[in-house]
Amino acid sequence: MKYIIYILAIAAFTSIILGFSLDVEYSEKLIGFGVTGLFLVVFPLYTYYSWKDKNMKDYMLTKENLDKMRETQKRKKY
């Protein structure tokens, strides 16, 4: 999955760079496809890949997590 994301990101950036550097009729389409590929394909895949094994409760501000943060702060002060 990681390599697919890398390949798609490189393809999108290459499309954007070629769109800016080449002087052809479809250069604006290259830029558009590159940007669309980044934001509609690469970014969601990366987000899913980076969050798939994480527990969402660890990142929510619940009473238990607030108590843990307070205890950690007390220990760091002394």
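Residues numbered from 1 in each chain as written. Predicted model: local features only at pLDDT ≥ 70, side-chain atom pairs only at ≥ 80, totals over all residues. Heavy atoms only, no water.

A. The overall build of the protein, seen in detail. For the protein, the count of helices and strands is 3 helices and 0 strands. For the protein, the C-alpha radius of gyration of 21 Å lies well beyond 12 Å, the compact-globule estimate for 78 residues. Out of the 78 residues in the protein, the part that is buried amounts to 17%. In the protein, of all internal contacts separated by at least 6 residues, the share reaching a separation of at least 24 is 42%. Roughly 7000 Å² of accessible area belongs to the protein as shown, and the carbon and sulfur atoms make up 65% of that amount. Each charge sign in the protein was given a centre, from 12 positive and 8 negative side chains, and these centres are 15 Å apart. (Helix = DSSP H or I, 4+ residues; strand = E, 2+ residues; numbered from the N terminus. Rg over C-alpha atoms; globule rule 2.2 N^0.38 Å. Buried < 20%, exposed > 50% of the residue type's maximum accessible area, 1.4 Å probe, protein only. Contact = heavy atoms within 4.5 Å. Areas by Shrake-Rupley, 256 points an atom, 1.4 Å probe, with all protein chains shown as cover. Lys, Arg positive; Asp, Glu negative; His and termini not counted. Charge placed at Lys NZ, Arg CZ, Asp CG, Glu CD.)

B. Up close: the side chain of serine 27. Counting through the fold element by element, serine 27 comes out in helix H2 (residues 27–51). Serine 27 has contacts with Gly19 and Leu22, leaving out every residue within four places of it along the chain.

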